[in-house]
Amino acid sequence: MSIIGIINNIRNNFFCNKEQKFFIRHNERVWKKSSPSDRGIVLLEYTNLQPYLLIWSYFANIFSYKYRYSMCTYSEYPRICNRALSKIFSSFGATTHIIEKLNSKQISEKNEILCKLWNEIKTKNDIFKISVRNIEIGVDIYSTYIRTYNEPTVKLFSDKLKKIINKAVTKVIFWDDFIQVNNVKCILPTHDCYLFNIIICVGRKYGIPAYISTFTGIYKCIENDSSGSNFKKYRKIFSKLPDEEKSAGKRWAKRQLKERFSGKIDLGISYEKKSAFSKIDKNNRILKQSEKTKVLICSHCFFDDPFVYGWHLFPDFYEWLLHLGELSEQTCYDWYLKMHPDYMYWPGTEETIKKILSKYSQIKLIDASISHKQLAAEGLDVALTVYGTVGCEYPLLGVNVINAGNNPHIAYNFNYNPKTIEEYDKIILNLDKLPKINVENVREDIYEFFYTHFQYDPIYRIKFLLGKNIFFNDLAILNKKLGVERIDGTNICCDSIYKYFLDEWDEELHHCIINYYMKVVKP
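Residue positions within a chain follow its written sequence, with the count starting from 1. Only residues with pLDDT of 70 or above have their local features reported here, since the model is predicted, and side-chain atom pairs are shown and tallied only from 80 upward, although totals for entire chains, interfaces and linings are computed over all residues. Note that the side-chain values use all heavy atoms of the structure and ignore hydrogens as well as water.

### Regarding the pattern of salt bridges
Two side chains that carry opposite charge are able to pair once their charged atoms sit near each other.
Okay, step 1: We define a salt bridge as a side-chain nitrogen of Lys or Arg found within 4 Å of a carboxyl oxygen belonging to Asp or Glu. The full count for this structure, using the stated rule, is 19 salt bridges.
Okay, step 2: Between Arg133 and Asp177 there is a salt bridge whose closest N-O contact spans 2.6 Å. In this pair, Arg133 is assigned in the loop between β4 (131–132) and β5 (135–136) and Asp177 in helix α8 (residues 159–181), connecting sequence segments 44 residues apart.
Okay, step 3: Using a relative accessible area of 22% as the deciding quantity, one classes Arg133 as partly exposed.
Okay, step 4: When the shortest N-O distance is used, the salt bridge between Asp243 and Lys246 registers 3.9 Å. Here Asp243 pairs with Lys246, and both are found in helix α11 (residues 243–261), just three residues apart, close to one helical turn.
Okay, step 5: Residue exposure (1.4 Å probe, protein chains only): buried if accessible area is under 20% of the type maximum, exposed if over 50%, otherwise partly exposed. For Asp243, a relative accessible area of 60% puts it in the exposed group.
Okay, step 6: A network of salt bridges, in which partner residues are shared, links Glu109, Arg133, Asp176, Asp177 and Lys205. Where helices and strands are cited, they refer to DSSP runs of H or I of at least four residues and of E of at least two residues respectively, numbered from the N terminus.

### So, the nonpolar core
Okay, step 1: By nonpolar core is meant a set of buried Ala, Val, Leu, Ile, Met, Phe, Trp, Tyr and Cys residues that side-chain atoms within 4.5 Å join together. Ranked by size, the top nonpolar core spans 104 residues in total, and within it Leu43, Trp320, Leu384 and Tyr424 carry the most contacts.
Okay, step 2: Among the elements that line this core, the one with the most residues is α8, at 11 residues.
Okay, step 3: What makes two residues a contact is simply this: any of their non-hydrogen atoms within 4.5 Å. Excluding residues within four positions of it along the chain, Leu43 makes contact with Cys72, Tyr74, Ile98, Trp175, Phe178, Val184, Cys186, Ile187, Leu188 and Ile199.
Okay, step 4: Grouped together as the second largest cluster of nonpolar side chains are 47 residues, Leu54, Met71, Ala94 and Tyr517 included.

### Section: the pairing of strand β8 (residues 217–220)
Okay, step 1: Looking at chain direction, strand β7 (residues 211–214) and β8 are connected through four bridges and run antiparallel. Residue pairing for β8: Thr214 is matched across the bridge by Gly217.
Okay, step 2: Here, a strand pair is defined by DSSP locating no fewer than two bridges between the strands. If you look at the hairpin formed by β7 and β8, you'll find two residues sitting between the two strands.

### Concerning the side chain of Thr73
Okay, step 1: Of note, Thr73 is situated in strand β2 (residues 70–75).
Okay, step 2: On the basis of relative accessibility, which here comes to 0%, the residue Thr73 falls in the buried class.
Okay, step 3: Ignoring anything within four residues of it in the chain, the contact list for Thr73 reads Leu44, Tyr46, Arg79, Phe89, Ala94, Thr96, His97 and Ile98.

### Points about the sheet that holds strand β9 (residues 294–298)
Okay, step 1: Spatially, the five strands line up as an open sheet ordered β11-β10-β9-β12-β13, and their pairing is parallel. One side of each edge strand has no neighbouring strand; the edge strands of this open sheet are β11 (363–366) and β13 (400–402). Direction aside, neighbouring strands of the sheet carry axes that sit 25° apart on average.
Okay, step 2: Structural elements are reduced to axes, namely lines fitted to C-alpha atoms, with helices fitted over the stretch in contact, and the angle between N-to-C directions of any two is expressed from 0 to 180 degrees. Running at roughly 155° to β11, helix α13 (residues 349–357) makes contact with β10 (334–338) and β11 of the sheet.
Okay, step 3: The strands touched by helix α16 (residues 421–428) are β10, β12 (382–384) and β13; relative to β13, the strand with the most contacts, the crossing angle is about 155°.

### Quick look at helix α9 (residues 197–205)
Okay, step 1: By the criterion of burial, α9 is predominantly enclosed, with seven of the nine residues buried.
Okay, step 2: Considered for burial, the residues of α9 that qualify are Asn197, Ile198, Ile199, Ile200, Cys201, Val202 and Gly203.
Okay, step 3: Structurally, α9 contributes buried residues whose contacts are with β1 (41–45), β2, β5, α7 (138–149), α8 and β6 (184–188).
Okay, step 4: After α9 finishes, the residue Gly207 shows a positive phi value of roughly 75°.

### Looking at the environment of Val172
Okay, step 1: Within the fold, Val172 resides in helix α8.
Okay, step 2: Counting along the chain gives 27 residues from Val172 to Ile199, while the straight-line C-alpha distance between them is 7.2 Å.

### Observations regarding the sheet that holds β1
Within a sheet, adjacent strands bond to each other through the backbone by hydrogen bonds, running parallel or antiparallel.
Okay, step 1: Judged by pairing direction, the sheet is parallel, and its four strands sit side by side in the order β3-β2-β1-β6 without closing on themselves. Each end of this open sheet is capped by a strand with a single partner; those strands are β3 (96–99) and β6. Sheet twist, expressed as the mean angle between neighbouring strand axes with direction ignored, is 30°.
Okay, step 2: In this structure, β1 lies alongside β6, joined through four bridges in parallel fashion. Note that in β6 the partner of Leu43 across the bridge is Ile187.
Okay, step 3: Against the sheet, α8 makes contact with β1, β2, β3 and β6, and its axis sits at roughly 135° relative to β3, the strand it touches most.

Pasting the structure below:
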């Protein structure tokens, strides 16, 4: 970092800017200072992510006023490291801070655990089995490694892996001991994945709830209630709806999918910046004209929480692609790979794909911007994904889809969902015998899935609630003002967010937010 960069960093950490001062003054005015209470503690992750600070100024104070709980921040470091941020937390009542630091007795226990774990790890799959004090942390370790080091797969026996495991074990021991002797009532983390999830898991062991909150709503972190936990229930959920709603829901899904296929950016896919269904280029054929079975690998982002939906057949997307590379050498298919247009620019993605494909000459890399409609029209037979949206798209275009993990479409029969690698291989090695999907037979099921997924799964439903959120009149307008391309309001990280909120703020909005949280917050 340059000298100027260091100076700016020090200034930003120790001196509040105009927007921060404005927000602090507002909080000090609207939130009355409460006396410390021994009724219980609310733990807030010490973060500099502005959306959470804005939301928690309300959320935490509801706990404080409704239940008379004290608010404490927590992190690996003291708050003095960022004086400006500390002032913001203090402005809405979070004045106490807890540092995740082990004492000598805990360090001895940690070292014993680490020695034992390190001797037990022989393969990547062994990482997923890691458990400390009956708390499973393997998935969090694996995903944190990938995200922290921006590496497509974990390097066994590396110092990097040791560092992540060390941090994870430290968190388990510290929070397990802390919660046993302190009256913790609720936990407010920023994420329920990566190492952020460990305090949630420890709290759950003692029946302590954790909440994730966004501008559009709030959800409670429940055991085995990941983003993909409801997928197998979709048929049952839809079957209980009134007949009139079923018909209306399918008509709605049909319209939404028609717009998606027309090339319109889909509000239901928060990361989407470019449509995967652009116009067909009739002057540029992509697939070979041959009698061979044509297979497309739809790759994923290697680095951003690959386990968001739960289980995979393979340890990660990297191992999945290597396995497909090996299978390509055993077949006589025409193999293609298409990167996701929104993820191909993530640093390391394209380089990793090309490195893998250099080993497997049977697989041809095609342009990420090529329309799925064009590939289907040119005779694509099969699309391979772990859990991608192609699972409900390609069947409507007459293309079979084979998944390699838990996915939103798993309750239905318009995809193939092998449960083991052996079953997966058997299907892929015999693709020429796979019956061609009948679009008319699956169309209604796809509409049923689509409606249920986006209207009744609470985690996905919020993406269609623009204009019906709690904090802002219209998130779409706010995002446009701030130049943010996500549409669900969860990634607006800049101090200007304070100004835009306070420009809209009035007593009516204030009480509306308070009333909402008073109803949903139940520790």
